[in-house]
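# Breakdown of the fold
Listed below, chain by chain, are the residues.
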2 protein chains.
Amino acid sequence: MVARAIIAGDGVLPGLLAEAGPALTVRLQGMPGGTGGADIVARLERLGGLFSDLHDAGVAEICFAGGMRRVGFDAAALDAVTEALLPRLTTAMGQGDDALLRDIVAIFEAEGFTILGADDLRPDLLAPAGAIAGAARPDGDAARARAVLAALGPLDVGQAAVAAQGQILGIETLQGTDAMLDFVAATAPGSGGVLVKRAKPGQDLRVDMPAIGPETVARAAAAGLSGIELQAGHVLLLDPAAVRAACDAHGLNLWAVP
Amino acid sequence: MVARAIIAGDGVLPGLLAEAGPALTVRLQGMPGGTGGADIVARLERLGGLFSDLHDAGVAEICFAGGMRRVGFDAAALDAVTEALLPRLTTAMGQGDDALLRDIVAIFEAEGFTILGADDLRPDLLAPAGAIAGAARPDGDAARARAVLAALGPLDVGQAAVAAQGQILGIETLQGTDAMLDFVAATAPGSGGVLVKRAKPGQDLRVDMPAIGPETVARAAAAGLSGIELQAGHVLLLDPAAVRAACDAHGLNLWAVP
């Protein structure tokens, strides 16, 4: 039988994916979320050992899920497999987090594993087109924020933006959507604007799909926004019922467009 | 003799321009900076009266200088000239601050006045190409921030951006450069990155030229940046000696490129 493993980071996504069916949970030492409840605890320095463990368990499918962060390498702990990969990993690190993640995925693929996206396991988490909570209001502000993201996408910048009354009030940078919403709350409160969140064109959606949770909704409400527009089929709701409930509680409209 | 008038808003620019030669100072009621020391105190509701005053004083050249803000109209105080202009002013207001400013400038031009830019009166305030304080360091981060501004320019968004180690940490929105620098200071301290500030392609540099002062330098230093890059000939230094001194005091490099 084909076994599946979830390489779990921070947040609720690993738990939501585990509900999709039997899977081993792998946790990497040093990553957010800790190593509690893991079937396999691994180290980036010992990828050879991890690959052996996975093959021994009959694992053929891997899903990366949840927040990861960079960890340092302990040179003294390297096994032969990681040591051989070190030059390319170091090069990828110098090119940014996206490049590093792409390279790690490619290494797992080269090892014979199939990479599943979160939406392969839980398609029900994907934002569907149309109204999700309240009404769909893809107005001029949403279009303006969308245009900003479209312009920045080729530069691999900008997963989210806020617009109100024709003006751009926030553009997501490395610090993420939450930091941008806090900025808007502090500097342009009560705008009644809209948050637009979409995938970047180059983003590998199998391992790095944009997501919103109930906290995102609460932060958008605290920033005085009136709605959130997502890219249909390209943003995860974590989880859908909690996100809808948060929108209803805060009186926010939530919808998705292609 | 041709007389000149400075329509003065907030900040140090009106005073710096007054040093360029004799000029009447016009202040508009309700604008930041107050009406103290003005030769003519005007109201937007009574543009007819202002035009008469300016013509009577032999004014042929007008320079708009310093920060302005929108003020409400008192419908009961309108003179015939402003009343006739009201439909187009209202339309322009609905299209944003830039459109409103462009329209007001066009109204003054139609009235026979020549509009001078701050750099017509004080070309010495313009950022010159090359090193201005410390050394010129137009590195990869500066190029990355420049690319972001180039992508956003056609959308009339983004006069400044911050990049560090290949990552974008801040993109200026309606709230301005200071708010963006405070955001970077709070969310990504000690990055050693660079602030890039340039004019937007559609910007009317006669009435709305980007500027930096010593406070901008202090804020960039507080955000942990190592340098500031300006667009040569398109950004004002208010004033050059104070900006250079602030850079030296904070150990920041300041340079300009085409």
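Residues numbered from 1 in each chain as written. Chains lettered and ligands numbered in written order. Predicted model: local features only at pLDDT ≥ 70, side-chain atom pairs only at ≥ 80, totals over all residues. Heavy atoms only, no water.

Residue and element names in this part refer to chain A. Omega for the bond connecting L238 with D239 falls within 30 degrees of zero, at -20 degrees, which places this linkage in the cis form. When you line up the elements, D239 lands in the loop between β12 (236-237) and α9 (240-250). Phi at D156 is positive, roughly 60 degrees, even though this residue is not glycine. Within the secondary structure, D156 sits in the loop between α6 (140-152) and β7 (160-164). For D156, a relative accessible area of 31% translates into the label partly exposed. (Helix = DSSP H or I, 4+ residues; strand = E, 2+ residues; numbered from the N terminus. Buried < 20%, exposed > 50% of the residue type's maximum accessible area, 1.4 Å probe, protein only.)

What follows deals with the sheet that holds strand β4 (residues 59-65) of chain A. All names here are of chain A. Read across the sheet, five strands follow the order β3-β2-β1-β4-β5 without closing on themselves; strand pairing throughout is parallel. Unpaired on one side and paired on the other, β3 (40-42) and β5 (114-116) mark the two borders of the sheet. On average, each strand axis in the sheet is inclined to that of its neighbour by 30 degrees, with strand direction left out of account. One ladder, built from three bridges, connects strand β2 (residues 24-28) with β3; its direction is parallel. Opposite V26, over in β3, you have I40 as the bridge partner. With respect to the sheet, helix α2 (residues 47-56) is in contact with β1 (3-8), β2, β3 and β4, its orientation differing from that of β3 by roughly 160 degrees. (Pairing = 2+ DSSP bridges. Axes fitted to C-alpha atoms, helices over the stretch in contact; angles between N-to-C directions. Contact = heavy atoms within 4.5 Å.)

What follows concerns the packing of aromatic side chains. Taken as a whole and judged by the stated rule, the model has nine aromatic pairs over all chains. An angle of 45 degrees between the planes, with centres 6.2 Å apart, marks the rings of F108(B) and F113(B) as tilted. Taking the relative accessible area as the measure of exposure, F113(B) reaches 4% and is therefore buried. Ring pairs connect the aromatic residues F51(A), F64(A), F108(A) and F113(A), which therefore count as one cluster. (Phe/Tyr/Trp six-rings, centres within 6.5 Å; stacked < 30°, edge-to-face > 60°.)

Now for the relation of the copies chain B and chain A. For the match of chain B to chain A, the screw axis carries a shift of 0.0 Å, the RMSD comes to 0.0 Å, and the turn is 180 degrees. Here the symmetry operator amounts to a two-fold rotation axis. The C-alpha atom lying nearest the rotation axis in chain B is that of A151(B); the distance is 2.8 Å. The overlap is high: 100% of the interface residues of chain B also sit at the interface in chain A, so the same surface is used on both sides. (Least-squares fit on C-alpha atoms with pLDDT ≥ 70 in both.)

For the rest of this paragraph, the subject is the interface of chain B and chain A. The partner chain A presents 23 residues to the 23 residues of chain B that form the contact. On the chain B side of the contact with chain A, L155(B), Q175(B) and F183(B) bury the most area, a combined 27% of that side's loss. Applying the counting criterion to the chain B and chain A interface returns zero salt bridges. Where chain B meets chain A, there are 10 residue pairs in polar contact (both at pLDDT 80 or more). Counted by class, the side of chain B that touches chain A contains 14 nonpolar, six polar and three charged residues. (Buried area = accessible area lost by both parts, 1.4 Å probe. Salt bridge = Lys/Arg side-chain N within 4 Å of Asp/Glu carboxyl O. Polar contact = N/O pair within 3.5 Å; in protein donor to acceptor, adjacent residues only side chain to side chain. Nonpolar A, V, L, I, M, F, W, Y, C, P; charged D, E, K, R; others polar.)

It is common to give the size of an interface as the accessible area lost on bringing the parts into contact. Residues and elements named next belong to chain A. Examined at the domain level, chain A breaks down into domain 1 (3-121) and domain 2 (126-257). Here domain 1 and domain 2 have C-alpha centroids that lie 29 Å from each other. Contacts between domain 1 and domain 2 engage 14 residues on the former and 12 residues on the latter. Carbon and sulfur atoms supply 63% of the area that domain 1 and domain 2 bury against each other, a total of about 1,100 Å² over both sides. (Domains from an automatic or database assignment.)

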